[in-house]
Amino acid sequence: MFDILGEILETMRRNKLRTFLTGFAVAWGIFLLIVLLAAGTGLQNGVQSNMAGQATNYINIRPGWTSMPYKGLKADRRIRFDERTIDYVRRNIPEVEYLSGVIFHNTQSVSYGKQYGTWQIIGASPQAVNIHNLTILKGRFVNEIDDGQKRKVAFIHKLAEETLFPHGEESLGKYIVADGISFQIIGVYEWLDGSNDALIFAPLSTAKMLYDRGWGISRIDLTVLGIKNMKQYDEFVLRLRGKLGPLLGFDPADTSALRIWGSARQSIEIGNVFRFVNMFLWVIGFASLMAGIVGVANIMLVTVKERTREIGIRKALGATPWSIIKSVIIEAVFITTAAGYIGILMGIGASELASRVIGSAGEGGMTAFKDPDVGLGVVFSALVVLIICGVVAGLIPSLKATRIRPIEAMRAD
Amino acid sequence: MIKIRDLNKTYNLGQPNALHVLKGIDMDVAAGEFLSIMGASGSGKSTLLNVIGILDNYDSGEYILDGIPVRDLSETSSAELRNRKVGFIFQSFNLISYKNALENVALPLYYNGIPRKKRNELAAEYLEKLGLKDHALHLPSELSGGQKQRVAIARALISRPSIILADEPTGALDTTTSREVIEIMREVNRSEGITMLIVTHEGAVARATDRMIYLRDGRIESDKHNPNPVIEF
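Residues numbered from 1 in each chain as written. Chains lettered and ligands numbered in written order. Predicted model: local features only at pLDDT ≥ 70, side-chain atom pairs only at ≥ 80, totals over all residues. Heavy atoms only, no water.

Concerning the interface of chain B and chain A
At the junction of the two partners, chain B supplies 27 residues and chain A supplies 27 residues. Summing both sides of the interface, chain B and chain A together bury roughly 2400 Å²; the carbon and sulfur share of this comes to 54%. At the junction of chain B and chain A, the tally comes to zero salt bridges. There are six residue pairs in polar contact (both at pLDDT 80 or more) connecting chain B and chain A. Of all the secondary-structure elements, those providing two or more residues to the side of chain B that touches chain A are helix 1 (45-52), helix 2 (75-85), strand 6 (86-90), helix 3 (101-110) and helix 4 (116-129) of chain B. (Contact = heavy atoms within 4.5 Å. Buried area = accessible area lost by both parts, 1.4 Å probe. Salt bridge = Lys/Arg side-chain N within 4 Å of Asp/Glu carboxyl O. Polar contact = N/O pair within 3.5 Å; in protein donor to acceptor, adjacent residues only side chain to side chain. Helix = DSSP H or I, 4+ residues; strand = E, 2+ residues; numbered from the N terminus.)

Written out as structure tokens, the structure reads:
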């Protein structure tokens, strides 16, 4: 085996330019493949990180105005949600995983001692903690007892904590005053995506008691299970309208009565786009790799022709057809894998560089490009593809080489 | 060593431009002989050499090399047989241009599966025998014609073949070098006992051998013993 490699390295060293040109085509092909796939992953990661504040299967429903008459009721009525609506959705829509009613209140001021700020209060059910992608830094979220007893408790963002407790005092258990009503702090959180949206969570029942001015519940947040594609999503929305229509008094065909927004829909759409983008990038990358492989096959063919005489001599000296095939194929495989390896390294290097440069551009904010990693699996399969291609690239030229007849070859001066 | 009976070979058999090159050759060569085959160009001598060297096949007849019938061999087994039994010396030397003298000489042993170290030792030994010790690491382009042919002789010898076939070995050499090469071949024939068959159209070369076979138009015209071989260049 070492002997064969020695022989091949020797021939490659004697034909440096040829070896380089052949290798370059393959290295370039695999480089493009890696960079393209990394770009696809980076783009996907970037977009997904912008949506990290919510679960990807999140849907919210807000009451709207009817635009059609329904069972003797006029059009242009306002739809109103209350606890019954939440309960009805919980009981009648099987896909629902977590559910929370929401009531908003925009405060004039929230203060602790001399410190104050202005944040929105959001009344939510205990399950809301599972709907929003947040990390509890200390304390706890709103629980059933808080909700049942309409406790005035607050679950605050770390920015609010920093503002109200600037000297690092313990905030848990302290009372803050929001528009004249005091709330006890039960927990501190931050958003997973690093967002600075410093909502103050309170129990839904408390918020309803304090802030409902007859508008009812302003939003129902929920996460769903088992909705994988647009068809399922659309069916789900139809069923939701069909179930809530009779309860709330609107025509199920009246799309303005309920305003439904889903990150579920968005993430399905984005998922589809990225599947397509990735496929496209694979095709382009693979095509450029194929160009490199054809280059190797072509050059090996020329090589075999160039070396007709040498192959003839070797045959006269006792080289078997198999030993000729072996040396041509191994040479092709050697060039493709060695060059491919260099291409992979350069591709990974370029992606890493892009990751550093672009990744450092938008700290904390929106970024379209993040962590352009290429999985080990992709790199490995690219290498396997390379080796197979090397064999194929070497096969035709080597078969041609075995057909060389020693006598004729040696006469070809 | 060589037994040939009614050997026929036709190029483009069955086609309108068929060329009957060997027309029933009968020939016996004993081990250790030093003989030549002469003939004008087109007489079929090169074809006969190729058949004997298992570089080409034949249509009918019988060819036995060193007790082994050579007939319908696969490419692989004919390559192996060639490697073990036959050494070649060519008019145009046929050295591999990017390999130095030592590597060229060692090449047949590579195909014989002998390890590199052993190969190079043997090759150095044969180069020394042929007076090329100081040129072992030279490329063919750095050697004179005579030196190249001596490298080729060393290469033909190294696998210790039963027979060495030389196709116009002096064709590309001047008279002084030709003499030198023929002397070496005689010497090798005597000391190593290797059968030496030279194909040539030069009478001077043929007269240096013990037996002269004349080929004309695909048939053996004469087969004479040369009782008094002389090297006269």
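Digging into the nonpolar core
Membership of the largest hydrophobic core comes to 70 residues, with the highest contact counts inside it found for Ile4, Leu7, Met27, Leu48, Ile52, Tyr63 and Leu197 of chain B. For methionine 27 of chain B, the contacting residues outside a window of four places in its chain are Ile2, Lys3, Ile4, Arg5, Ile37, Leu48, Ile52, Leu197, Ile213 and Ile220 of chain B. Listed in part, the 47 residues of the second largest apolar core include Ile61, Ala160, Leu164 and Ile185 of chain A. (Core = buried A, V, L, I, M, F, W, Y, C linked by side-chain atoms within 4.5 Å. Buried < 20%, exposed > 50% of the residue type's maximum accessible area, 1.4 Å probe, protein only.)

A closer look at the sheet that holds strand 4 (residues 60-65) of chain B
Residue and element names in this part refer to chain B. The antiparallel open sheet is built from four strands, whose spatial order is 2-1-4-5. The open sheet has two edge strands, strand 2 (19-29) and strand 5 (68-69), and neither has a second partner. Looking at chain direction, strand 4 and strand 5 are connected through two bridges and run antiparallel. Counted as the bridge partner of isoleucine 64 is proline 69 from strand 5. (Pairing = 2+ DSSP bridges.)

Details of the pattern of salt bridges
Taken as a whole and judged by the stated rule, the model has 28 salt bridges over all chains. Aspartate 28 of chain B is the salt-bridge partner of arginine 5 of chain B, the closest N and O atoms lying 3.0 Å from each other. Of the two residues, arginine 5 of chain B sits in strand 1 (residues 2-11) while aspartate 28 of chain B sits in strand 2, which places them 23 residues apart along the sequence. Note that arginine 216 of chain B and glutamate 221 of chain B form a salt bridge whose closest N and O atoms lie 2.6 Å from each other. Because the salt bridges share partners, they merge into one network encompassing Arg80, Glu83, Lys208 and Asp212 of chain A.

Brief notes about unusual backbone geometry
Although it is not a glycine, aspartate 179 of chain A adopts a positive phi angle of roughly 50°. Turning to its location among the elements, aspartate 179 of chain A is positioned in the loop between strand 8 (175-178) and strand 9 (181-191). In this structure, isoleucine 54 of chain B is a non-glycine residue whose phi angle is positive, near 55°. With respect to the helices and strands, the residue isoleucine 54 of chain B is situated in the loop between helix 1 and strand 4. Under the relative-accessibility criterion, isoleucine 54 of chain B is labelled buried at 7%.

Digging into the pairing of strand 7 (residues 163-167) of chain B
The side chains of a regular strand alternate, first on one face of the sheet and then on the other. Residues and elements named next belong to chain B. By the criterion of burial, strand 7 is predominantly enclosed, with four of the five residues buried. Pairing of strand 6 with strand 7 involves five bridges; the strand directions are parallel. By the bridge assignment for strand 7, phenylalanine 90 is matched with aspartate 167. Here strand 7 runs beside strand 8 (residues 195-200); their pairing, made up of five bridges, is parallel. Looking at strand 8, one finds that isoleucine 163 is bridged to threonine 195. As a crossover connection, the stretch from strand 7 through helix 6 (residues 175-192) into strand 8 is right-handed. (Right-handed = clockwise from strand over helix to strand, strands pointing away.)

Points about the sheet that holds strand 10 (residues 219-225) of chain B
All names here are of chain B. Taken in spatial order, the six strands make up an open sheet running 6-7-8-3-9-10, and their pairing is mixed. Both outer strands of the open sheet, strand 6 and strand 10, are each paired with one neighbouring strand and no more. In this sheet, adjacent strand axes meet at a mean angle of 20° when their direction is disregarded. Contacting strand 6 and strand 7, helix 5 (residues 145-158) crosses the sheet at an angle of about 170° to strand 6. (Axes fitted to C-alpha atoms, helices over the stretch in contact; angles between N-to-C directions.)

What to know about the packing of aromatic side chains
Note on aromatic pairs: each is described by the distance of the centres and the angle between the planes. As enumerated under the stated definition, the model contains 15 aromatic pairs over all chains in all. Each ring, one from phenylalanine 155 of chain A and one from tyrosine 189 of chain A, has its centre 5.1 Å from the other, and the planes form 10°; the classification is stacked. Of this pair, phenylalanine 155 of chain A sits in strand 7 (residues 153-157) while tyrosine 189 of chain A is found in strand 9, placing the two residues 34 residues apart along the sequence. Here phenylalanine 155 of chain A matches tyrosine 189 of chain A in class, with each residue buried. The structure contains a cluster of three or more aromatic residues connected by ring pairs, namely Phe141, Phe155, Tyr189, Trp191 and Phe201 of chain A. A cation over an aromatic ring shows up here: lysine 129 of chain B above the ring of tyrosine 126 of chain B, its NZ or CZ 4.5 Å from the ring centre. (Phe/Tyr/Trp six-rings, centres within 6.5 Å; stacked < 30°, edge-to-face > 60°. Lys NZ or Arg CZ within 6 Å of the ring centre and 35° of its normal.)

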